[in-house]
Amino acid sequence: MKGKQNNAFSGAFATNGEQVSEEPRNDGRDEASPERCYSVAPALVILGPTGSGKTGVSIKIAKTIGGEIISADSRAIYKGMDIGTAKPTREEQQDIPHYGLDLVEPGERFTVADWKQYAKTKIQDIKSRGKVPIIVGGTGLYVDALIYDYHFKGPTGERIGDFEQKTCSDRKEIKGNYLLVGIKWSTDELRERLDKRITQMFCPELYDEVTKLVQTYGWDNGAMKSDIYEYAWKYLQGELTLDEAKQKCFYEDWHLAKRQMTWFKRNPNIIWMELEKVYPFVIKKYHKHNN
């Protein structure tokens, strides 16, 4: 059974000269994607800015092709930070194994080198069981470190801030077997999605979560001083109105999304498409060899 599943998937991606012409590349040109032939099943990488819909479509794909998901999100590594980091819910994780979540305590050191080694180990394990690894997230340096096989100084690697300036021109040839699919939205559409998500996230469950985090780890913990937790806490302390907290959180997320897209657009290996095209695109590749 293991061999049959891998052969089906690898056959779907052994393009043998076929070009994917319907999807635009990352530079905005409506051209064929970079042509790559796969002799074995590639790991999928689904990426895009925050709020783009990566979680939902990755779970849907995983259920169809026998995938298991590895999170590439530098905030989702923290235990207890669930609602504020938009982790997959317990219900969403029920049917599909998820990795890369709740790895360390908030504020505990965990470098990009640590994540790369963790991800490589999980990919090997997933493949050994005849499943398809699906790497999902918006932390560009995590993804690049994995697919371009970055090497780091020292036993645990450099901090992201020290390393990211060196990577802008290093995205050349992928060092491994990966298919990269990026989710794209227009500016107005993504802003609307972020606004709706923030409205939904400001809820009693978030207030309980941030209160528990502050009680457990203290407000001086560095993991707490960004994104929705900061503004939710200030709202609870009466320093901001609810509307002010939501507005500040929106602009924080919007600036994050822009930084993420700036990072991803430098990568010539990503095939960009609208969210609704991602699932059929991947499934068509998977089933093509069997038809």
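Residues numbered from 1 in each chain as written. Predicted model: local features only at pLDDT ≥ 70, side-chain atom pairs only at ≥ 80, totals over all residues. Heavy atoms only, no water.

## Some remarks on the packing of helix 9 (residues 227-236) against helix 10 (residues 242-264)
Moving on, step 1. Taken N-terminus to C-terminus, the directions of helix 9 and helix 10 make an angle of 170°; their axes are 9 Å apart at the nearest point. Judged on the interaxial angle alone, helix 10 and helix 9 are roughly antiparallel. The way helix 9 lies across helix 10 gives a crossing that is right-handed. Of helix 10, the residues touching helix 9 (which contributes D227, I228, Y231 and Y235) are L242, A245, K248, C249 and E252.
Moving on, step 2. Across the contact of helix 9 with helix 10, the residue classes tally to six nonpolar, no polar and three charged. (Axes fitted to C-alpha atoms, helices over the stretch in contact; angles between N-to-C directions. Helix = DSSP H or I, 4+ residues; strand = E, 2+ residues; numbered from the N terminus. Parallel < 35°, antiparallel > 145°, perpendicular 65-115°, else oblique. Left-handed = near helix turned anticlockwise from the far one by under 90°. Contact = heavy atoms within 4.5 Å. Nonpolar A, V, L, I, M, F, W, Y, C, P; charged D, E, K, R; others polar.)

## Overview of the sheet that holds strand 5 (residues 178-184)
Strand pairing in a sheet relies on backbone hydrogen bonds. The paired strands run either parallel or antiparallel.
Moving on, step 1. Here six strands make up an open sheet; going across it, the order is 3-2-4-1-5-6 and the pairing parallel. The sheet is open, and its two borders are formed by strand 3 (98-99) and strand 6 (271-274), each paired with just one other strand.
Moving on, step 2. Here strand 5 runs beside strand 6; their pairing, made up of four bridges, is parallel. The residue of strand 6 that forms the bridge with G182 is W272. (Pairing = 2+ DSSP bridges.)

## Comments concerning unusual backbone geometry
Moving on, step 1. Backbone geometry places A86, a non-glycine residue, at a positive phi of 55°.
Moving on, step 2. Despite not being glycine, D102 has its phi angle at roughly 55°, a positive value.

## Thoughts on the packing of aromatic side chains
Moving on, step 1. Scanning all chains against the criterion turns up six aromatic pairs.
Moving on, step 2. Note on F250 and Y251: the rings are 5.3 Å apart at their centroids and 70° apart in plane angle, and the pair reads as edge-to-face.
Moving on, step 3. A relative accessible area of 39% means that Y251 is categorised as partly exposed.
Moving on, step 4. The aromatic ring of Y279 is capped on one face by K60, whose charged end is 4.4 Å from the ring centroid.
Moving on, step 5. For R191, the ring lying beneath its charged end belongs to W254, and the centroid distance is 5.1 Å. (Phe/Tyr/Trp six-rings, centres within 6.5 Å; stacked < 30°, edge-to-face > 60°. Buried < 20%, exposed > 50% of the residue type's maximum accessible area, 1.4 Å probe, protein only. Lys NZ or Arg CZ within 6 Å of the ring centre and 35° of its normal.)

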